[in-house]
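Chain by chain, the residues:
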Amino acid sequence: MAVAREVFTTDVPARLDRLPWSRFHWLVVVALGITWILDGLEVTLVGSLSPAIAGADGLNLDAGQIGLAGSAYILGAVLGALVFGRLTDRWGRRRLFTITVAVYLVATIATGFSWNFWSFLLFRFITGAGIGGEYGAVNSAIQELIPARRRGYTDLAINGSFWVGAALGAMGSIVVLDPDVVDQAWGWRLAFIIGGLLALIVIWIRRFIPESPRWLMTHGRPEEAEAVVRDIEARVERHTAMPPIFAPHPTIRLVHRTRTSWTELGVSLFRTYPRRTILGLVLMATQAFCYNAIFFTYAMILTRFYAIPAQNIGWFMLPFALGNFMGPLLLGRLFDSVGRKPMIAGTYGLAGLLLCVTGWLFAQGALTAETQTLAWTVIFFFASAGASAAYLTVGELFPLELRALTISLFYAIGTLLGGVAGPAVFGALIDTGERSQILVGYLLGGGLMLVAAVVTLFLGVRAEKKPLETVAAPLSLARDEHG
């Protein structure tokens with residue numbers, strides 16, 4: 001005999017979406033966005049510090065061991081995303097985005113105290129797990145706390161802040177690789193220790209971010225969700241006038257649930273939303289291939305083909321990072337006004353086309369180190385906005401109860417398909433020393449971005465300014481509301 005589950009009515013989503021932009025929302029942006037600054041700082045520092053880590057004053061590693069450490073970080077990020085993503089949907093956004101940044105903090109500091117290759121490998125793996133776990137927890141919290149009319153812009157701007165960290169990492173590498181400033185036996189270690197300690201600031205700021213009311217309501221805790229929303233409204237009203245209410249807030253009816261099964265995940269991905277699943281996989285995998293292929297071989301191109309000294313690579317990273325950050329910042333509003341579908345297709349398409357053209361110019365020997373960097377800066381001005389929108393897409397197109405896990409799952413698959421293959425393919429092509437061979441890699445990366453643009457035109461969803469609950473119905477929605 002079936003047991004009837006309690007049904008309750010809530011206006012939580014409508015009240016969150018009606019809120020005016022306020023200091024509370026800026027706090028959310030800062031507290032959650034700083035994670036990607038740390039990620040960008042981490043990734044860029046490791047790439048720039050590789051010579052120091054591998055050298056006689058470091059751990060005496062060869063190129064293969066440095067590559068394995070990079071692979072360990074990526075593998076840790078993939079596994080961390082899957083494990084912590086599942087726990088984020090089960091235990092809540094707030095608890096997990098504290099746990100994951102704590103894992104990052106401890107592992108990054110430990111990396112600075114590595115004593116041999118195997119300890120370095122282990123700490124890089126754990127660091128990756130912490131950052132990977134952040135993807136689901138942070139993106140879920142962003143989308144569920146930010147009003148629908150600004151969800152796209154805010155999500156893109158926060159994800160694009162990775163490149164602020166990349167710029168800081170590039171400048172930091174210039175300092176710690178200068179023997180006149182820092183003893184080279186300690187410079188790289190100090191960089192990791194300071195980077196880890198910065199995470200303490202993140203943990204302190206996140207104390208002021210509440211649990212997602214949407215997560216609470218879809219997990220059968222409507223009273224807690226109501227209390228959190230009242231507190232948010234009170235915090236907003238202290239500094240910002242609330243919009244007038246001319247009609248009752250729209251409500252939805254939900255049923256109490258205990259947990260979400262893997263079967264429900266499979267049904268949502270492959271039966272209810274198969275087109276969205278294809279779209280998400282294509283967007284995540286193609287941007288991962290393009291980004292990781294270019295970013296992780298950036299220094300190799302500059303040193304091998306343009307004879308740029310290793311200690312000067314950071315100066316070329318700065319404009320590249322600037323273009324990547326400004327893309328989501330300047331184009332992000334258009335994803336809410338013009339719309340998701342045309343903007344995602346446009347940014348992916350432009351980035352792919354420009355990458356192919358740049359590849360041809362490189363093969364012809366028509367570029368200098370400066371013009372090559374300028375070309376990459378322009379390309380990734382568009383690619384960065386598109387890539388950030390990929391995370392937005394896989395988050396908002398599936399039910400609330402699965403949000404963190406689907407973000408993590410698509411990130412993991414995209415990283416494995418594109419993130420691992422990209423650097424390997426480009427690295428092998430660069431090793432040939434032939435510009436014509438590297439052109440093949442550029443055409444492959446650009447072609448994949450163009451494919452993603454076409455797929456978006458056919459499968460894209462117009463989710464701009466719509467409440468999350470109307471973009472994808474919650475699994476906990478009362479049965480009679482399914483129509």
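Residues numbered from 1 in each chain as written. Predicted model: local features only at pLDDT ≥ 70, side-chain atom pairs only at ≥ 80, totals over all residues. Heavy atoms only, no water.

A. Region of interest: the nonpolar core. Of all hydrophobic cores here, the largest spans 123 residues; its most connected members are Ile 301, Tyr 306, Trp 376, Phe 380 and Tyr 442. The element that contributes the greatest number of residues to this core is helix 17 (residues 369–396), accounting for 14 residues. Dropping the residues within four chain positions of it, Tyr 442 is found in contact with Ile 294, Ile 301, Leu 355, Cys 356, Gly 359, Phe 362, Gln 372, Trp 376 and Phe 426. By size, the runner-up hydrophobic cluster in this structure holds 13 residues, among which are Leu 61, Ala 72, Phe 120 and Phe 192. (Core = buried A, V, L, I, M, F, W, Y, C linked by side-chain atoms within 4.5 Å. Buried < 20%, exposed > 50% of the residue type's maximum accessible area, 1.4 Å probe, protein only. Helix = DSSP H or I, 4+ residues; strand = E, 2+ residues; numbered from the N terminus. Contact = heavy atoms within 4.5 Å.)

B. The pattern of salt bridges, seen in detail. Under the definition given, this model contains 16 salt bridges. Close ionic contact of Arg 15 with Glu 226 constitutes a salt bridge, the shortest N to O distance being 2.7 Å. Of this pair, Arg 15 sits in helix 1 (residues 12–18) while Glu 226 sits in helix 10 (residues 222–237), and the two are 211 residues apart along the sequence. Judged by its relative accessible area of 7%, Arg 15 falls in the buried class. (Salt bridge = Lys/Arg side-chain N within 4 Å of Asp/Glu carboxyl O.)

C. Looking closely at the environment of Gly 136. Following the sequence through the fold, Gly 136 ends up in helix 5 (residues 117–145). Distance from Gly 136 to Gly 386, taken between C-alpha atoms, is 18 Å for residues 250 residues apart in sequence. Apart from residues no more than four positions distant in its own chain, Gly 136 is found in contact with Ala 404, Ile 407 and Ser 408.

D. How the structure looks around the environment of Asp 11. With respect to the helices and strands, Asp 11 occurs in the loop between strand 1 (7–10) and helix 1. Here Asp 11 is in contact with Glu 226, His 249, Pro 250 and Thr 251, once residues within four sequence places are set aside.

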